[in-house]
Amino acid sequence: MTHEPVELVIFGCDGVLVDSERIYCRVDREVFASLGAEFTEAEMAEHFVGSSHEMLTAIVEERRGRPLEAGWQAPFRQRYEDALDAELTAVEGVTDVLDGLSVPYCLASNGSHASLRRNLGRTGLLDRFEGRIFSAHDVTRAKPAPDLFLHAAATMGVPPERCAVVEDSPYGVEAARAAGMRAYGYCGGLTRADRLMGELTVVFDDMRELPGLLSS
């Protein structure tokens, strides 16, 4: 691990700040089945946690054996919103972590600005990230490409080697490594620890451990 001091913490959103991945995977599985693409719970966690819309669409099309129509998600959108309204909470311990951080932090996610703001608002976290929310829609390539993290770091004025990324998906930690940033892989959700391990990566399962890991 590099010993450059951390000057910026970049958080993913789904599964890192908000406990949404279980909700998305459950509803996704129902929706995909109705479209003719059946997945097990384990396959959902492996293929879809942290994926971009383009990656998700390609996997579903491959499984069903034919293309999806443009705008295929539109009829199901309210189903997701209703589930999130009813069930979404912040990841356990994350508000204490944000309160205790001694360096600036921001958010960088493959989600759209609209969905990110809705989910942060549902969990009372929006005010903490106002003006520091970065979406893959802001750059050419989503994670696992490094573009989004490099864009966030440049906007915040911090060199990549002094950034720490907190992610819960293989795509996220891969993007962090590609950006030359330290990755902290949170395995307290759906992703197995072994799928997050790798160079420049610390894996942990309790969000409250993060401040100590960042300072060690």
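In what follows, the structure referred to is the one given above.
Residues numbered from 1 in each chain as written. Predicted model: local features only at pLDDT ≥ 70, side-chain atom pairs only at ≥ 80, totals over all residues. Heavy atoms only, no water.

1. Notes on the overall build of the protein
Alright, step 1. Helix and strand counts for the protein stand at ten helices and six strands.
Alright, step 2. Oriented by its inertia axes, the alpha-carbon framework of the protein measures out at about 50 × 30 × 30 Å.
Alright, step 3. By the burial criterion, 49% of the 216 residues in the protein qualify as buried.
Alright, step 4. Considering only contacts in the protein between residues 6 or more positions apart, those separated by 24 or more positions represent 65%.
Alright, step 5. When the accessible surface of the protein is split by element, carbon and sulfur atoms take 49% of a total near 9900 Å².
Alright, step 6. Computed over 21 positive and 35 negative side-chain charges, the separation of the two mean positions in the protein equals 2 Å. (Helix = DSSP H or I, 4+ residues; strand = E, 2+ residues; numbered from the N terminus. Buried < 20%, exposed > 50% of the residue type's maximum accessible area, 1.4 Å probe, protein only. Contact = heavy atoms within 4.5 Å. Areas by Shrake-Rupley, 256 points an atom, 1.4 Å probe, with all protein chains shown as cover. Lys, Arg positive; Asp, Glu negative; His and termini not counted. Charge placed at Lys NZ, Arg CZ, Asp CG, Glu CD.)

2. Regarding the packing of helix H1 (residues 21-34) against helix H2 (residues 41-48)
Alright, step 1. Remark: H1 packs on H2, axes separated minimally by 10 Å, with the N-to-C direction vectors making an angle of 105°. Between H1 and H2, the interaxial angle falls into the category roughly perpendicular. Contacts between H1 and H2 involve Cys-25, Asp-28, Arg-29 and Phe-32 from the former and Glu-41, Met-44 and Phe-48 from the latter.
Alright, step 2. Looking at the contact of H1 with H2, its residues break down into four nonpolar, no polar and three charged. (Axes fitted to C-alpha atoms, helices over the stretch in contact; angles between N-to-C directions. Parallel < 35°, antiparallel > 145°, perpendicular 65-115°, else oblique. Nonpolar A, V, L, I, M, F, W, Y, C, P; charged D, E, K, R; others polar.)

3. Regarding the pattern of salt bridges
Alright, step 1. Evaluation of the coordinates by the stated rule reveals 17 salt bridges.
Alright, step 2. Of the charged contacts, one joins Arg-122 and Glu-81 as a salt bridge, the two residues approaching to 2.4 Å between their closest N and O atoms. Of the two residues, Arg-122 is situated in helix H6 (residues 113-122) and Glu-81 in helix H4 (residues 77-87); the sequence distance between them amounts to 41 residues.
Alright, step 3. A relative accessible area of 24% places Arg-122 in the partly exposed class.
Alright, step 4. One connected set of salt bridges, linked through shared partners, spans Glu-81, Asp-85, Arg-118 and Arg-122. (Salt bridge = Lys/Arg side-chain N within 4 Å of Asp/Glu carboxyl O.)

4. Remarks on the nonpolar core
Alright, step 1. By size, the foremost hydrophobic cluster in this structure holds 50 residues, and its most contacted members are Phe-11, Phe-32 and Met-207.
Alright, step 2. Element by element, the count of residues in this core is highest for H1, at six residues.
Alright, step 3. If we ignore the near neighbours within four places in the chain, the residues touching Met-207 are Val-16, Val-91, Glu-92, Val-94, Val-97, Val-166 and Tyr-186.
Alright, step 4. Ranked by size, the runner-up nonpolar core spans 22 residues in total, among them Ile-10, Ala-176, Met-181 and Ala-183. (Core = buried A, V, L, I, M, F, W, Y, C linked by side-chain atoms within 4.5 Å.)

5. Concerning the packing of H1 against H4
Alright, step 1. Packing of H1 against H4 brings their axes to within 10 Å, and their N-to-C directions diverge by 150°. Of the possible angle classes, the one that applies to H1 and H4 is roughly antiparallel. Like other packed secondary-structure pairs, H1 and H4 cross with a definite hand, here right-handed. Between H1 and H4, the residues in contact are Ile-23, Tyr-24, Arg-26, Val-27, Asp-28, Glu-30 and Val-31 and Arg-79, Tyr-80, Ala-83, Leu-84 and Glu-87, respectively. (Left-handed = near helix turned anticlockwise from the far one by under 90°.)

6. With respect to the sheet that holds strand E2 (residues 105-109)
Alright, step 1. Spatial ordering of the open sheet is given by E3-E2-E1-E4-E5-E6, a layout of six strands whose pairing is parallel. Both outer strands of the open sheet, strand E3 (133-135) and strand E6 (201-204), are each paired with one neighbouring strand and no more. Neighbour-to-neighbour, the strand axes of the sheet open up by a mean angle of 25°, direction not taken into account.
Alright, step 2. Both strand E1 (residues 8-11) and strand E4 (residues 163-167) contribute to a ladder of four bridges, which runs parallel. Its bridge partner being in E4, Leu-8 is matched across the sheet by Cys-163. (Pairing = 2+ DSSP bridges.)

7. Some thoughts on the layout of surface pockets
Alright, step 1. Taken as a whole, the largest pocket encloses approximately 890 Å³ of empty space.
Alright, step 2. For the largest pocket, the lining is made up of 39 residues, of which Tyr-24, Asn-110, Gly-111, Ser-112 and Ser-115 are closest to its centre.
Alright, step 3. Of all the secondary structure elements, the ones that give two or more residues to the lining of the largest pocket are H1, helix H3 (53-64), H4 and H6.
Alright, step 4. Looking at side-chain class alone, the lining of the largest pocket contains twelve nonpolar, 15 polar and twelve charged residues. (1 Å grid on protein atoms, 1.4 Å probe; cavity = no way out; pocket = protein on both sides within 12 Å on 5 of 7 lines; lining within 4 Å. Points joined across faces, edges and corners; volume = space filled by probe spheres on them.)

8. Here we look at the state of the cysteines
Alright, step 1. Under the definition given, this model contains zero disulfides.
Alright, step 2. Sulfur of Cys-106: no disulfide; nearest cysteine sulfur belongs to Cys-163 and is 7.5 Å away.
Alright, step 3. In this structure Cys-106 comes out as buried when scored by relative accessible area, which is 0%.
Alright, step 4. By relative accessible area, which is 0% here, Cys-163 ends up buried. (Disulfide = S-S within 2.5 Å.)

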